[in-house]
Each structure stands twice: as structure tokens, then as C-alpha cells.
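One-letter residues, chain by chain:
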Amino acid sequence: MSWVIEEKGYSQRRACGLIGLEPKTYRYASTRGDDAAVRVRLRSLASERRRFRYRRLLILLRRAGLTLNYKKLFRLYRRSGWRCAGGVGANELSARERWPLCRKSRTRAGASNWSLRARLRLVSDTLNDGRCFRILVVIDDCTRECLALVVDTSLFGWRVARELDRIIAGRGKPLMIVSDNGAQLTSHAILLWQEVRAVEWHDIAPGKLQQNGFVESLNGRLRDECLNEHLVRSLPAARTLIEA
């Protein structure tokens, strides 16, 4: 409409009246801020965390000091064309019976209640040459802190006991250890270690992995964001990558 005002010499009010536009709408100047910094930071985070969707990226942006609404971030995320393949939707979850998690450590202040997970067929991967390696995951149910990620080609009962002794030396003895029924966790070495250390050991029901849900959640993210995203050539490289 500016060419009508300039070439015809019409006033702004008359030109707006001819086309049926309110003058205040024509004079409106957007005060929306520039999203360039957010876009740059979002692109950087999305390239580093390729398995993160927009809600998890929003948490990282807020930690960096950027105040942003999740709906606006979703628009920026969609306009950039990023997609995160895979994952299970809310409608695809199975409506099975949920078993309560054991939280005995919450009954006493300062106590730790570990949850041990070393089922080899679930937490395992292969090197470039085809060799298989396993990961023993130890977390604290109280703080959700990952206490150890032990990577090796084989994890026997005595090796698991040695890693538990190393953690106890730095954090003290737990009230209870929750684990599955893997061969390494039901071996004679573990039974002897439990008897000597006087630690209560709880095995989940066979096939009820939801009873060990905290470790299962960590294993899923470890698989999704680390093991499926990288190729490693040697065991030391795998240890460095997983530790990072």
C-alpha cells in the first residue's frame, strides 16, 4: 500500500479506507524479539543430543539461562525440520499391572538403597570387530545417582563383588540391594559376599522388570543416547565413551 500513498498522493487514512484496512493495523510494528540466539543454541543442542525431543531440549535451554515457553520452542523445533525417530507413544504403552518399587532406604535418613542391574542380554553391545562387551549398572534408588558403569567383556560374580566393595569403600554399606535373577547375581561368589557383608539382597520376580524400574529407565537411555549412537573399536574406547 505504500506505493499508493507515494505515487497517488493519498493520505494514509484514505488509502486504508479504499482497501478496508484499519490505519492502526498498517502502522503496527512488531515488538517480538529476535530468536537468533535461541535458534543457534537449539541447533547446537539438537546436534549434540540427537535423541532428545523438544521438551528435554527445553530443560537444557533453561539451564543455560534462556527463558522460553515450551509452545514457542515446539514451533521453532518444527520449523527447523528436526525429528527424533523411534520411541514409544503414550497410546502404545501396555496396560499391565504395576508392582511397587522397594524404597526401604527412605525410612532412615542418610541410608542408601542400591538397585543393581547386570542382565547381560539387555545391557550389552558389540565392538566393530564383533566382540561383545557388557555393562554393569549400579544406581542409588534414593538419589537416582549412577554409582558405577562397569564395562568389560565378561562380568563374573567375583568381579561384581569387587566392584561393590569399591563402592562401599567410598559410600558406605547399603541397607538393601535390588537386582534381577541374572547368573552373575545368583552365583556362589555373590551369595558368599552377601553373607560376609551382611547386606540384605532382594531379587525381583521373574519377568517383572518393572520392579527394577529405576535401572531399566537408565538402561533405556544409555542404549538410546549412547550405545546406538556410537561405534567403538576397542574396550578402552567404550569405557571412555560410556564414562563421558
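Above this text you will find the structure in question.
For clarity, every value in this text was computed on a predicted model and none was experimentally measured.

### Some thoughts on the packing of helix 4 (residues 36-48) against helix 6 (residues 70-79)
Moving on, step 1. One way to put it is that helix 4 packs onto helix 6 with a least axis distance of 11 Å and a crossing angle of 65 degrees. It follows from the interaxial angle that helix 4 and helix 6 lie roughly perpendicular. Read as a crossing pair, helix 4 and helix 6 show a hand that is right-handed. Judged by residue contacts, Val38, Arg39 and Leu42 of helix 4 engage Leu73, Leu76, Tyr77 and Arg79 from helix 6.
Moving on, step 2. Of the residues assigned to the contact of helix 4 with helix 6, the class counts are five nonpolar, no polar and two charged.

### A word on the environment of Trp201
Moving on, step 1. With respect to the secondary-structure elements, Trp201 resides in strand 6 (residues 200-203).
Moving on, step 2. Classification of Trp201 as buried rests on a relative accessible area of 13%.
Moving on, step 3. Distance in space between the C-alpha atoms of Trp201 and Val178 is 6.1 Å, their sequence separation being 23 residues.
Moving on, step 4. In terms of polar contacts, Trp201 uses its side chain to reach the side chain of Ser179, at 2.7 Å.

### Remarks on the pattern of salt bridges
Moving on, step 1. Here the structure, examined in full by the defined rule, presents nine salt bridges.
Moving on, step 2. One salt bridge connects Arg171 with Asp140, and the closest N-O pair in it is separated by 3.7 Å. With a gap of 31 residues between them, Arg171 in helix 7 (residues 157-171) and Asp140 in strand 3 (residues 132-140) connect regions that are remote in the sequence.
Moving on, step 3. Taking the relative accessible area as the measure of exposure, Asp140 reaches 2% and is therefore buried.
Moving on, step 4. Among the salt bridges present, the one from Glu163 reaches Arg166, with a minimum N-O distance of 3.0 Å. A residue pair is termed a helical-turn pair when its members lie 3 or 4 positions apart in one helix, as Glu163 and Arg166 do in helix 7 at three residues.
Moving on, step 5. Judged by relative accessible area, which is 11%, Glu163 ranks as buried.

### Comments concerning unusual backbone geometry
Moving on, step 1. Of note, the phi angle at Ala198 is positive, near 55 degrees, even though the residue is not glycine.
Moving on, step 2. Along the chain, Ala198 falls in the loop between helix 8 (188-197) and strand 6.
Moving on, step 3. Since its relative accessible area comes to 58%, Ala198 is described here as exposed.

### Details of helix 4
Moving on, step 1. With 13 residues, helix 4 extends 19 Å between its outermost C-alpha atoms, agreeing within 8% with the 18 Å of an ideal straight helix rising 1.5 Å per residue.
Moving on, step 2. Every buried residue of helix 4 is listed here: Val38, Leu42, Leu45 and Ala46. Burial along helix 4 is one-sided: seen end-on, the buried residues are contained in an arc of 100 degrees. Of the residues in helix 4, the exposed ones pointing more than 90 degrees away from the buried face are Ala37, Val40, Ser47 and Glu48.
Moving on, step 3. Of the surrounding elements, those touching the buried residues of helix 4 are helix 5 (54-63) and helix 6.

Cut-offs applied
- Counting of residues starts from 1 at the beginning of each chain's written sequence and follows it residue by residue.
- Totals for whole chains, interfaces and linings use all residues, but because this is a predicted model, local features are given only for residues with pLDDT of at least 70 and pairs of side-chain atoms are given and counted only at 80 or more.
- Based on all heavy atoms of the structure, the side-chain values leave hydrogens and waters out of the count.
- To define axes, lines are fitted to C-alpha atoms, for helices over the stretch in contact only, and angles between the resulting N-to-C directions are given on a 0 to 180 degree scale.
- Working definition: helices are DSSP H or I runs of at least four residues, strands are E runs of at least two. Numbering for both runs from the N terminus.
- Angle categories are assigned with fixed cut-offs, so that under 35 degrees is roughly parallel, over 145 is roughly antiparallel, 65 to 115 is roughly perpendicular, and the rest are oblique.
- A clockwise turn of the near helix away from the far one marks a right-handed crossing, whereas an anticlockwise turn of less than a right angle marks a left-handed crossing.
- We call two residues contacting when some pair of their heavy atoms lies within 4.5 Å.
- The nonpolar class holds Ala, Val, Leu, Ile, Met, Phe, Trp, Tyr, Cys and Pro. Asp, Glu, Lys and Arg form the charged class, and all remaining residues, Gly among them, are polar.
- Accessibility here uses a 1.4 Å probe with only protein chains present; expressed as a share of the type maximum, an area under 20% marks a residue as buried, one over 50% as exposed, and anything in between as partly exposed.
- Whenever a nitrogen or oxygen atom comes within 3.5 Å of another N or O atom, the pair is scored as a polar contact, on the condition that within protein one atom can donate a hydrogen and the other can accept it, and that pairs from neighbouring residues in sequence are kept only if both atoms are in side chains.
- The term salt bridge refers to a side-chain nitrogen of Lys or Arg lying within 4 Å of a carboxyl oxygen of Asp or Glu.
- The span you would expect from a helix comes to 1.5 Å times its residue count less one.
- As used here, the arc is the angular range of directions from the helix axis to the C-beta atoms.

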